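Structural overview for review
Letter by letter, the chains look like this.
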Amino acid sequence: MSERYEFIDMTATGPKAVRTAFANQVAYCRANDARVTARVVAALGALLDKPASEFACRIAGWQGAPLADALPLRAAGGIHALHLSEAAHELAPIYADAEDINDEAVIAGVVRRHDAALLPWLDGPPQTNEAGRSSNFIAAMLWLTDRELPPRFDCLEIGSSAGINLMIDRYHYDLGGVHVGPQPGAIAFTPEWRGSHPPMHTIEIASLKGCDVAPVDLTDPAQALRLKAYIWPEHGIRFARIEAAIAAAHEAKPNLVRANAADFVEAELAKPQAAGTTRVLMHSIVWQYVPADQQARVTAAMEKAGARATPDRPLAWIALEANRTTHHHELVLRYWPGGEAAQTIAHAHAHGAWVEWLAR
C-alpha cells in the first residue's frame, strides 16, 4: 500500500503521544499485512476518547513513552489472549475478520468485562519472538563470509525472548535458492526472495547464547500461551512455527539467560574468542525496547571490542530493526576490522515472509 509517513518521536510522552502510538501501530500493522491486528488496535485506540475502565484509563494516562514501550501491542496481546483462551467468545468475528462488526463496541465491552485480566498485560513489553526473522541472520552471515570473515560463527543475541532464534542451527533455509542448514530441519524457511540471492557459502554455527530481561520458557504451557498471544493472528504459519519451536525446545532448551542487553554484551565480549571464529551480536525488532543508556553501553562495548578485532578474530553486528518513519525493516551490518560503517544490505518483512536483497 502507498502511504506517507512522518517522523515519529519514539521518546514522546503524554496523551498526544499515546494517540500517535495507536495510530502509528494501526498503519504499521496494515503495512505488514496484519488487518485483524490493525482492527483490534484501532478499536483499543477508540477507548481513549472516553476511558471507562481501569485498563483504558491506564493506557490513556500512560506515564512512559507509549511507542517505545509498544503500548498498543501490550494491549492487543491481552485481547488476543482472551480470544485464544476462549474467555471472550464475542471476539471471534473480529479474529475471523468478519465484515459488518462494530469493532469499537465489541472491544469496549470485552474490556469492561475483563478489566482485571487485561491489566497485567500492560506491565511489560511484548514478547515478539519470531523464527522467520532468522532468515536475515543467516543471509547476513553468508554476506560476512563473502567478505572473508571466518565462516564459523559464535552468536550472541539480545532480547531473545523464548530463544526461538537461538535454535537457528536446527532450521533449514532456502534463501533465493541458497540452502543452509540441516534438512528437513526443525523448521524450514523459504521466504519470498526479491533481488539477487545471497552469496553461496558453507557456514557453521559454533555456538548460540542469548539474553532477555524476562525470558520465556517454551516448555511451560502457560508461558508458551502468552507468547502465542503476541503473534499476529492473521499469520497462521507463525503459529505452526511456534509449535515446531516448542517441540525443538523440549528436545534441548536454547541457551538463554536472564540479563539486560548491556550487562550481557559487556560480559560476553570480555570473554576470550577462539581463533578462526567470527563473534556476532545479533538482534531483531528489539532495539526500540532497549533503554537509551543501555543502547549507548552496547554500542560502546561493540566499538571497543571492534577496535581489538583482528582478521582471525573478527566482530560483527547484525541488526534487523524497524524504521518507524518508512515502516521498513532494515537489515543493517557492521563488522570489524574493515566494515565499521553501517551498511543496509536488505529490507525484510516483519515476520520473515519476504526479503528484498540490496547488497551487491
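For the structure given in this document, a descriptive report is provided here. Numbers given for residues are sequential positions, taken from 1 along each chain in its written order. Local features in this predicted model are restricted to residues whose pLDDT is 70 or higher, and side-chain atom pairs enter the listing and the counts only when it is 80 or higher, whereas totals over whole chains, interfaces and linings include all residues. Water and hydrogen atoms were dropped before computing side-chain values, which therefore reflect all heavy atoms in the structure.

**Regarding the packing of aromatic side chains**
Applicable threshold: Any Phe, Tyr or Trp ring, taking Trp's six-membered ring, that has another such ring centre within 6.5 Å forms a pair; planes under 30 degrees apart are called stacked, those over 60 apart edge-to-face, and the others tilted. The helix count covers DSSP runs of H or I at least four residues long, the strand count covers runs of E at least two residues long, and both are numbered beginning at the N terminus. Exposed residues in this analysis have more than 50% of their type's maximum accessible area, buried residues have under 20%, and partly exposed residues fall in between, with area computed by a 1.4 Å probe over protein chains only.
As enumerated under the stated definition, the model contains seven aromatic pairs in all. Between Tyr28 and Trp232, the aromatic rings sit 6.2 Å apart at their centres with planes inclined by 80°, giving edge-to-face as the arrangement. Within this pair, whereas Tyr28 is found in helix α1 (residues 15–31), its partner Trp232 is found in the loop between α9 (221–229) and α10 (236–251), the two being separated by 204 residues in sequence. A single burial state applies to Tyr28 and to Trp232, both of which are buried.

**Quick look at the state of the cysteines**
Cut-off, in case you're wondering: Cysteine sulfur atoms are paired as a disulfide whenever they fall within 2.5 Å.
Under the criterion given, the structure shown has zero disulfides. For the unlinked cysteine Cys155, the closest cysteine sulfur is that of Cys211, found at 14 Å.

**A few points about the sheet that holds strand β3 (residues 178–180)**
Pairing between the strands of a sheet comes from backbone hydrogen bonds, and it takes one of two forms, parallel or antiparallel. This is how the line gets drawn: Pairing between strands requires that DSSP locate at least two bridges from one strand to the other. Should any heavy atoms of two residues lie within 4.5 Å, those residues are considered in contact. Helix axes are fitted to C-alpha atoms over the stretch in contact, other axes to C-alpha atoms as well, and angles between N-to-C directions run from 0 to 180 degrees.
Taken in spatial order, the three strands of this open sheet run β3-β2-β4, and their pairing is mixed. In the strand order of this sheet, the two ends are held by β3 and β4 (188–189), each with one partner. The sheet contacts of helix α8 (residues 134–146) involve β2 (172–175), β3 and β4, and relative to β2 the element is tilted by about 70°.

**A look at the pairing of strand β11 (residues 339–348)**
Here strand β10 (residues 328–336) runs beside β11; their pairing, made up of six bridges, is antiparallel. When the bridges of β11 are listed, Glu330 appears paired with His347. Between β10 and β11, which pair antiparallel one after the other, the connecting turn spans two residues, and Gly338 there sits at a positive phi close to 105°. Two strands pair when backbone bridges link them, and β11 and strand β12 (residues 354–357) are joined in this way by three bridges, in the antiparallel orientation. Bridge pairing in β12 links Ala346 to Trp357. Joining the antiparallel neighbours β11 and β12 is a turn of five residues, in which Gly352 adopts a positive phi near 90°.

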